Amino acid sequence: PCSFTVISHSSIPGMRDMLAKAASQCEIRILTMDIENPAFAGMLNPDVSAGDLPNKGNVLAETRAWFENAFGDAEKAEVRALKRGMLFQQIIISDDRALISPYLFSANTGYSPLIELKRSSAVFGAYLREFDELWNANA
């Protein structure tokens, strides 16, 4: 048994095949920002982020559709839009570790630091609870 939790809005080469395979064996939950989230516009720095707000909404919807297509008919995989609540980092959680990449207002996400946490860390539980709260708030 395994679980794979992602807060992300990026598609990486080879990721579609990896997700399709993983979704046949694991629980996968993906939560992406939504243009309807009232906090979304405030997290974007116009000096750093290219494109206008409506275009960002289209990209986010396309990203959710991409993940849904990658999952196919896998029963344990789901994608939700984050319309309520706010996230300030990308969160990737597997059974035994978490990867956290804080969003920086001053830089694109590719320049954000990466924090790796083991399950034994108290902070691991905090990020898992944060994801679960956001997941449930956006059912």
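For the structure, check the block above.
One structure accompanies this document, and this report is about it. As the structure is a prediction and not an experimental result, all values here were calculated from the model.

## What to know about the packing of aromatic side chains
Piece 1. Scanning the model with the defined rule gives 2 aromatic pairs in all.
Piece 2. Consider the rings of W66 and F67, whose centres lie 5.1 Å apart with planes at 85 degrees: the pair is edge-to-face.
Piece 3. You can call W66 buried: its relative accessible area is 18%.
Piece 4. The class for F67 is buried, based on a relative accessible area of 0%.
Piece 5. For the pair F131 and W135, a centre-to-centre distance of 5.7 Å together with 20 degrees between the ring planes defines the contact as stacked.

## Here's the deal with helix 2 (residues 53-71)
Piece 1. For helix 2, spanning 19 residues, the distance from its first C-alpha to its last is 28 Å, which sits close to the expected 27 Å at 1.5 Å a residue.
Piece 2. For helix 2, every residue scored as buried is listed here: G57, L60, T63, R64, W66, F67, A70 and F71.
Piece 3. Tucked inside the fold, the buried residues of helix 2 contact helix 1 (15-23), strand 2 (27-33) and strand 3 (77-82).
Piece 4. Among the residues trailing helix 2, G72 stands out with phi positive, at a value near 60 degrees.

## Considerations on the pattern of salt bridges
Piece 1. Per the counting criterion, the structure on display carries 6 salt bridges.
Piece 2. A salt bridge links D132 to R29, with the shortest nitrogen-to-oxygen separation between them at 2.8 Å. Of this pair, D132 sits in helix 3 (residues 122-137) while R29 sits in strand 2, placing them 103 residues apart in sequence.
Piece 3. On the basis of relative accessible area, D132 is assigned to the partly exposed category, the value being 26%.
Piece 4. Residue classification places R29 among the buried positions, given a relative accessible area of 12%.
Piece 5. As a salt-bridge pair, E78 and R80 come within 2.9 Å of each other at their nearest N and O atoms.
Piece 6. Since its relative accessible area comes to 36%, E78 is described here as partly exposed.
Piece 7. You can call R80 buried: its relative accessible area is 14%.
Piece 8. Among the charged side chains, a salt-bridge network with shared partners connects E27, R29 and D132.

About the cut-offs
- Residues numbered from 1 in each chain as written.
- Predicted model: local features only at pLDDT ≥ 70, side-chain atom pairs only at ≥ 80, totals over all residues.
- Heavy atoms only, no water.
- Phe/Tyr/Trp six-rings, centres within 6.5 Å; stacked < 30°, edge-to-face > 60°.
- Buried < 20%, exposed > 50% of the residue type's maximum accessible area, 1.4 Å probe, protein only.
- Helix = DSSP H or I, 4+ residues; strand = E, 2+ residues; numbered from the N terminus.
- Expected span 1.5 Å × (residues − 1).
- Contact = heavy atoms within 4.5 Å.
- Salt bridge = Lys/Arg side-chain N within 4 Å of Asp/Glu carboxyl O.

Purely spatial values, then, with no claim about function.
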